[in-house]
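Structural overview for review
What follows is each chain in one-letter form.
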There are 2 protein chains.
Amino acid sequence: MSVAPWRSPLARALHNNRALPYARYFQLATVGANGYPANRTVVFRGFLENTNQLQIVTDSRSQKINHIQHQHWGEICWYFPKTREQFRLGGNLNLVTASHTSQGLRDARQIVWQELSDSARSQFAWPEPGVARVEDEAAFSPLPSDREQPLPNFCLLLLEPIQVDHLQLRGNPQNRWLYQQQSPDQWLKQAVNP
Amino acid sequence: MSVAPWRSPLARALHNNRALPYARYFQLATVGANGYPANRTVVFRGFLENTNQLQIVTDSRSQKINHIQHQHWGEICWYFPKTREQFRLGGNLNLVTASHTSQGLRDARQIVWQELSDSARSQFAWPEPGVARVEDEAAFSPLPSDREQPLPNFCLLLLEPIQVDHLQLRGNPQNRWLYQQQSPDQWLKQAVNP
């Protein structure tokens, strides 16, 4: 797999916004079984090695999981405040649990777990998210979780972009490009009106 | 209509993040006729007077319009970098065009138009968005657009939240609340696990 042509402007945006830690956050939209969209902020965890797939981490107890099983398509909206540009990345979501059939992806899941901060890891040992608050504060205390082996509810989530919409608000006029995957190694790049 | 209980923490977040102009941007997720989610950054234009409805502006030539006609539910994800908190606001989308049946909403559309900056207004006179780039730069030159009367393709888009999920990443442990509308003037507020 060759590096997709939208990777170069995205890498530039990441570099130019590196002073802002939250420039590595983006919003992921999915669709629920009820047909309604859902939208939440997640953290970019780099690209899966030798691919153009974006890595995200999630909890098997989160709402996203049902959504992905219902509708495999997701769209990331990634806004970079300093350079005033937006990437919209739409494509297939692939959930990697401990029982995924691919050994390579199970290994990738473990590597991402090992690269998390202690506090990020400890959240996977917290009580079930989204249900009535557990009042016992100790339940949320960072645990000395295993740095080697992921907790069973830890999931790696991959988004493989099929289309990318890059908008630069700076410049007069603004600039916008659409990238569409034609085949695994072939992308069509088109300048469009902003 | 009384002011919803999530308005107070949201107003506080807006105030505490006021030094960041992009803290007034959020991501709006919709669903297309193909069942796929779409996600884009939009600008918060305040609340519709005497309501809890968030105002957004959009172009009748944009992709969103078809989406809303297909699926009226949208979800806003609003991340505040300085205070490290997120609001997810899900609810009904209501598109206000020049021919909307409500005189009050047509008036609101005109007021929002008048409050836009000249450069924001001029974008509604640009060539059709998302299609092959018009090479004539003059087509994107700011026009002396009418400040009084909106261009026909200018739309006011309202999102009326039915459920709001407020997550504070600061604090140990994190805090999260769900607000659910029970009836027009009644909201259920519940502390949930982050």
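Here the structure is a predicted model, which is why all the values come from computation and not from measurement.

1. Looking at the nonpolar core
Counting residues in hydrophobic clusters, the biggest one holds 74 residues, and the most contacted among them are I76, W78, L156 and L158 of chain A together with I76, L156 and L158 of chain B. Apart from residues lying up to four places away in sequence, I76 of chain A is in contact with F26, Q27, L28, L54, R88, L89 and L159 of chain A together with N39 of chain B.

2. What to know about the relation of the copies chain A and chain B
Between chain A and chain B, the superposition needs a rotation of 180° and an axial shift of 0.0 Å, giving an RMSD of 0.0 Å. Both chain copies can therefore be described as sitting about a two-fold axis. A shared interface surface links the copies, since 100% of the contact residues of chain A are contact residues in chain B too.

3. Points about the interface of chain A and chain B
Each side of the interface is counted separately: chain A has 41 residues, and chain B has 41 residues. When contributions to the side of chain A that touches chain B are tallied by element, the ones reaching two or more residues are strand 1 (25-31), strand 2 (37-43), strand 4 (73-80), strand 5 (85-96) and strand 8 (186-192) of chain A. In terms of residue count, the dominant contributor to the side of chain A that touches chain B is strand 4 of chain A (6 residues). Classifying every residue of the side of chain A that touches chain B gives 23 nonpolar, 12 polar and 6 charged.

4. Some details on helix 3 (residues 103-115) of chain A
Residues and elements named next belong to chain A. Here helix 3 is 13 residues long and its end C-alpha atoms lie 19 Å apart, about the 18 Å a rise of 1.5 Å per residue gives. Burial in helix 3 covers these residues: A108, R109, V112 and W113. Burial along helix 3 is one-sided: seen end-on, the buried residues are contained in an arc of 140°. Opposite the buried face of helix 3, at more than 90 degrees from it, the exposed residues are Q103, G104 and D107. Structurally, helix 3 contributes buried residues whose contacts are with strand 3 (54-59), strand 5 and strand 6 (154-168).

Reading the values: the criteria
Residues numbered from 1 in each chain as written. Chains lettered and ligands numbered in written order. Predicted model: local features only at pLDDT ≥ 70, side-chain atom pairs only at ≥ 80, totals over all residues. Core = buried A, V, L, I, M, F, W, Y, C linked by C-beta atoms within 7 Å. Buried ≥ 20, exposed ≤ 12 C-beta atoms within 10 Å, placed from the backbone. Contact = placed C-beta atoms within 7 Å. Least-squares fit on C-alpha atoms with pLDDT ≥ 70 in both. Helix = DSSP H or I, 4+ residues; strand = E, 2+ residues; numbered from the N terminus. Nonpolar A, V, L, I, M, F, W, Y, C, P; charged D, E, K, R; others polar. Expected span 1.5 Å × (residues − 1). Arc of directions from axis to C-beta.

On their own, these measurements won't tell you what the molecule is for.
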